[in-house]
Amino acid sequence: MKPLTEQEIRAAFVNCTKGQTKRLFVPRDLSDRPWDDLDYLGWRDPQSPDRAYLVAELDGHPRAIALRRPSPAAGQLQRGMCSMCLTTHTGNVSLMVAPKAGKAGQQGNTVGTYLCADLDCSLYVRGRKNAGAGARLQESLSVEEKIERTVANVAAFVARVMA
């Protein structure tokens, strides 16, 4: 993924109003991110743990979406699989819900998917972050093919939000 500035990220949001986009948290460490290893940029809002954000390239342009996750139930440490990178985690996969873009989102319509709660799918796929024993299924795909699959899954999800 090519490095993005805060202004480029804010301008890329498709499911927020301009006012919401101005107020949302954008990480200050953008220059320190491992851009060459990212298929998308994802982060959580430190002041609001139920909010997350994702920026992916779609049709050559950055597209950003705001996500929410329901608060996990107490003691809920189930094993789950991320729909983007197919990594399994115990207690670290969350249902993330995004309001649809445009009128559909204004009417309350949403799209959801299961994501790594830390939004580090790119690092798990590349083996740069370890999700623990049994987290990666045995596959015959190369790392490059897994990256392509993750990129396609993220693009499909962002396209569903924009539809």
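Asker: I'd like to hear about the overall build of the protein chain, residue by residue, with values.
Answerer: Counting its regular elements, the protein chain contains five helices and seven strands. Secondary structure elements in the protein chain, listed N-terminal to C-terminal, are α-α-β-β-β-β-β-β-α-β-α-α. Relative to a compact globule of 163 residues, whose C-alpha radius of gyration would be 15 Å, the protein chain shows 15 Å and is just as compact. Referenced to the eigenvectors of the C-alpha coordinate spread, the extents of the protein chain come out at roughly 45 × 40 × 30 Å. Across the 163 residues that make up the protein chain, the buried fraction comes to 42%. Sequence separation of 24 or more characterises 57% of the internal contacts of the protein chain that already satisfy a separation of 6 or more. Counting every atom, the protein chain has about 8,900 Å² of accessible surface; 50% of that belongs to carbon and sulfur.

Asker: Tell me about the packing of aromatic side chains, residues and numbers included.
Answerer: Scanning the model with the defined rule gives two aromatic pairs in all. Between the aromatic rings of Phe-13 and Tyr-53, the centroid separation amounts to 5.9 Å while the plane-to-plane angle is 85 degrees, which identifies the pairing as edge-to-face. With a gap of 40 residues between them, Phe-13 in the loop between α1 (6-11) and α2 (18-23) and Tyr-53 in strand β2 (residues 48-58) connect regions that are remote in the sequence. Tyr-53 shares its class with Phe-13; the two are buried. Following the ring pairs from residue to residue traces out a cluster consisting of Phe-13, Trp-43 and Tyr-53.

Asker: Account for the environment of Pro-27, naming residues and giving values.
Answerer: Of note, Pro-27 is situated in the loop between α2 and β1 (41-45). With relative accessibility at 5%, the residue Pro-27 sits in the buried group. Placed 63 residues apart in sequence, Pro-27 and Thr-90 show a C-alpha to C-alpha distance of 26 Å. Among all residues touching Pro-27, those that are not within four sequence positions of it are Arg-33 and Trp-43.

Basis of the calculations
- Residues numbered from 1 in each chain as written.
- Predicted model: local features only at pLDDT ≥ 70, side-chain atom pairs only at ≥ 80, totals over all residues.
- Heavy atoms only, no water.
- Helix = DSSP H or I, 4+ residues; strand = E, 2+ residues; numbered from the N terminus.
- Rg over C-alpha atoms; globule rule 2.2 N^0.38 Å.
- Buried < 20%, exposed > 50% of the residue type's maximum accessible area, 1.4 Å probe, protein only.
- Contact = heavy atoms within 4.5 Å.
- Areas by Shrake-Rupley, 256 points an atom, 1.4 Å probe, with all protein chains shown as cover.
- Phe/Tyr/Trp six-rings, centres within 6.5 Å; stacked < 30°, edge-to-face > 60°.

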